[in-house]
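Structural overview
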Amino acid sequence: MSQKPDQHARSRELFKQAREKIPGGVNSPARAFRAVGCDPVFIESGSGSHLHDADGHSYIDYIGSWGPLILGHGHPEVTQALHNVIETGTSFGAPTEREVEMAELICELAPSIEMVRLVNSGTEATMSAIRVARGFTGRDLVVKFAGCYHGHVDSLLVKAGSGVATLGISDSGGVPAAFSSTTIPLPFNSFAALEECFANHGGKIACVIVEPVVGNMGCVPPRPGYLEALREITAQHGALLVFDEVMTGFRVSLGGAQGLYGIEPDLTTLGKVIGGGLPIGAYGGRRDVMSKVAPLGQVYQAGTLSGNPLAVAGGLATLKVLKKAPELYEQMEEKSGRLVEGVERAAKDAGVAMTVNRVGSMFTFFFNDGPVTDWESSSKSDTDRFAFFFRGMLDLGCYLPCSQFEAAFLSAAHTDEDVAGTIEAAERALAALVSDSQNA
Ligand code: KE4
């Protein structure tokens, strides 16, 4: 009998080549598809809400480059802004007016930020923020939460989420015990654990760093009052509160999670959306804290390409579109709500245990009886069922995050047809999952 043609022949060929010269064939582990039982598809282009792969398949895109592409692929104002910069040069290693405009816009949209420094990734932003917190307080200990991921900062790769959780690596190799010993991992959303930690270590804690809406154990919102408790207990003990808004910044609202929940952190880290798809990060906050940063103060941080003209132009264009059209958030809220309700209903009708967490246009379909409120509950999800569902959805033209422990994102470019098509695909993928389970 003739073999079915390989629908992903070109991607498979590229993946084989890639694995020869790139660890795991990918430049970031989160893309490796290791937890979903198939090879990654290689993407050739993006347009609006869609990705197009090397074998000519198109997908409704629910990762948006893991968050940056809130406007979808190829937004005309972002593309035009990049073209304009290309004509004038790509990097100068000197201050530019555009960086001043970006700093002023970030401070306008995130009122807790009085001063901000641009860097080149979210990892650099969080690494720098905890260094500034230590420099400002003179203390060493940092509190983080199991299942939260703040980039691959040595001391924060402790019970981390995202690719670390996906690959089941409890803590990364290559990190000296001396580094991770300065990190206290707590369960997210636990008031008791927080109070006990500060009762025991309060005077030595430089900061608490938190994803105010967690994306990296899958989407997990804060319990009512939890962010307020973080704000109060850190202030009480002279520790700084760092909101890692690399994912939530300008995503869950124009003011990020701090705007949505009305909490003022001492420092905020940003990335993703503020680059519009180009490499960028930022950290900022209280003027007295940021005044510790060199060349003003003694906390050193630097970057050859920090404030890069292309990245800043892409980010500025993105933020300006969001600022002049705040109704985009209401539209993304409505479409995301309709999408998750449709998929939840499909799971219920199919008799499949599913818990969906959503904040704005970031959400996760947990194969889990629920509720999912922390790493302990999230980690109990049925990752085999998630993998089966992921593969089914991919075959049906929907590109979900390739891990149960990631957030999915809907963009301003997603249409009603995308939503309806995704729900229909979910109904079919869930039916196949049930049938597979019955035949197992
Ligand atoms: P980057 O260094 O990858 O730009 O940002 C690190 C980071 C920091 N903080 C939060 C809350 C983040 O979500 C991230 C990075 N997010 C992952 C996806 N969950 C990026 C994808 C990847 O690692 O390839």
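It should be noted that the structure appears before, not after, this text.
This report concerns the structure included in the present document. Bear in mind the structure is a predicted one, so any value in this text is a computation, not a measurement. Throughout, residues of each chain are indexed from 1 in the direction in which the sequence is written. With the structure being a predicted model, the display of local features is reserved for residues of pLDDT at least 70 and the display and counting of side-chain atom pairs for 80 or more, all residues being used for whole-chain, interface and lining totals. Computation of side-chain values covers all heavy atoms of the structure but excludes hydrogens and water.

**Observations regarding the overall build of the protein chain**
Inclusion rule: Only DSSP runs of H or I covering at least 4 residues are called helices, and only runs of E covering at least 2 are called strands; the numbering of each starts at the N terminus. We take the radius of gyration over the C-alpha atoms and set the globule estimate at 2.2 Å times the residue count to the 0.38 power. For each residue, the accessible area found with a 1.4 Å probe, counting protein chains only, is set against the maximum for its type, and the residue is called buried under 20%, exposed over 50%, and partly exposed in between. For this analysis, residues touch if any pair of their heavy atoms sits within 4.5 Å. For the area figures, the Shrake-Rupley method with a 1.4 Å probe applies, and any residue is considered shielded solely by the protein chains shown.
Check the secondary structure of the protein chain and you find 15 helices and 14 strands. Against the compact-globule benchmark of 22 Å for 440 residues, the protein chain has a radius of gyration of 21 Å, which places it among compact chains. With respect to the principal axes defined by its C-alpha atoms, the protein chain has extents near 70 × 55 × 45 Å. Put simply, the protein chain has 440 residues, and 55% of those count as buried. Across the protein chain, the fraction of contacts at a sequence separation of at least 24, relative to all contacts at a separation of at least 6, is 72%. Of the roughly 18600 Å² of accessible surface on the protein chain, a fraction of 52% belongs to carbon and sulfur atoms.

**Section: unusual backbone geometry**
Of note, the amide linkage connecting A294 to P295 takes the cis form, showing an omega dihedral of 10°. Locating P295 in the fold gives a position in the loop between α10 (287-290) and α11 (309-324). Following G370, the chain continues into P371 via a peptide bond in cis, with omega recorded as -5°. Checked against the element boundaries, P371 lands in the loop between β12 (362-366) and α13 (375-378). Residues other than glycine seldom take positive phi values, yet F33 does so here, at roughly 65°. On the basis of relative accessible area, F33 is assigned to the buried category, the value being 1%. Look at F250: it is not a glycine, yet its phi comes out positive at around 60°. Inspection of the secondary structure puts F250 in the loop between β8 (240-244) and α9 (256-261).

**Some points on the packing of aromatic side chains**
As a reminder, the rule being used: Two aromatic rings from Phe, Tyr or Trp, using only the six-membered ring of Trp, form a pair when their centres are within 6.5 Å; if the ring planes differ by under 30 degrees the pair is stacked, by over 60 it is edge-to-face, and anything between is tilted.
Within the structure shown, the criterion is met by 15 aromatic pairs. Where W375 meets F405, the ring centres are 4.8 Å apart and the plane angle is 65°; that geometry is what we call edge-to-face. Pair noted here: W375 is in helix α13 and F405 is in the loop between β13 (398-399) and β14 (408-409), with a separation of 30 residues, a long-range link. Ring pairs connect the aromatic residues F33, Y59, Y62, F363, F365, F367, F386, F389, F390 and Y399, which therefore count as one cluster.

**So, helix α7 (residues 191-201)**
Stated formally: The arc refers to the directions leading from the helix axis to the C-beta atoms.
Every buried residue belonging to α7 is among A193, L194, C197 and F198, and all of these are buried. With its buried residues spanning 125° around the axis, α7 presents them on a single face. More than 90 degrees from the buried face of α7, the exposed residues found are A192, E196, A199 and N200. Buried residues along α7 sit in contact with β5 (141-145), β6 (183-186), β7 (205-210) and α8 (226-237).

**A look at the side chain of T182**
As a reminder of what qualifies: Contacts described as polar in this section are N or O atom pairs within 3.5 Å, which, within protein, must combine one atom able to donate a hydrogen with one able to accept it, while residues neighboring in sequence count only if both atoms come from side chains.
Its place among the elements puts T182 in the loop between α6 (177-180) and β6. Judged by relative accessible area, which is 18%, T182 ranks as buried. In terms of polar contacts, T182 uses its side chain to reach the side chain of R134, at 3.1 Å. A polar atom in the side chain of T182 sits 2.6 Å from the backbone oxygen of F179. What T182 contacts, discounting residues up to four positions off in sequence, is R134, D140, L141, V142 and S155.

**Regarding the sheet that holds β6**
Operational definition: Two strands pair under a simple rule: DSSP has to find at least two bridges between them. Only the stretch in contact is used when fitting a helix axis, every axis being a line fitted to C-alpha atoms; angles between N-to-C directions are given from 0 to 180 degrees.
Strand order across the open sheet formed by seven strands is β4-β10-β9-β8-β7-β5-β6, with mixed pairing between neighbours. The sheet is open, and its two borders are formed by β4 (115-119) and β6, each paired with just one other strand. The mean inter-strand angle of the sheet, taken between neighbouring strand axes irrespective of direction, is 20°. Where β4 meets strand β10 (residues 281-285), five bridges bridge the pair, whose relative direction is antiparallel. Directly across from V116, in β10, lies its bridge partner G284. Contacts from α7 reach β5, β6 and β7, with the element oriented near 155° to β6. Most of the contacts of α8 go to β8, to which it runs at about 145°, and overall it touches β5, β7 and β8.

**Re the sheet that holds β14**
Spatially, β11-β12-β14 is the arrangement adopted by the three strands of the open sheet, whose pairing is antiparallel. Whereas interior strands pair on both sides, the edge strands pair on one side only; in this sheet they are β11 (355-359) and β14. Direction of pairing for β12 relative to β14: antiparallel, over a ladder of two bridges. The residue of β14 that forms the bridge with M362 is F409. Against the sheet, helix α12 (residues 327-350) engages β11 and β12, with an angle of about 175° to β11.

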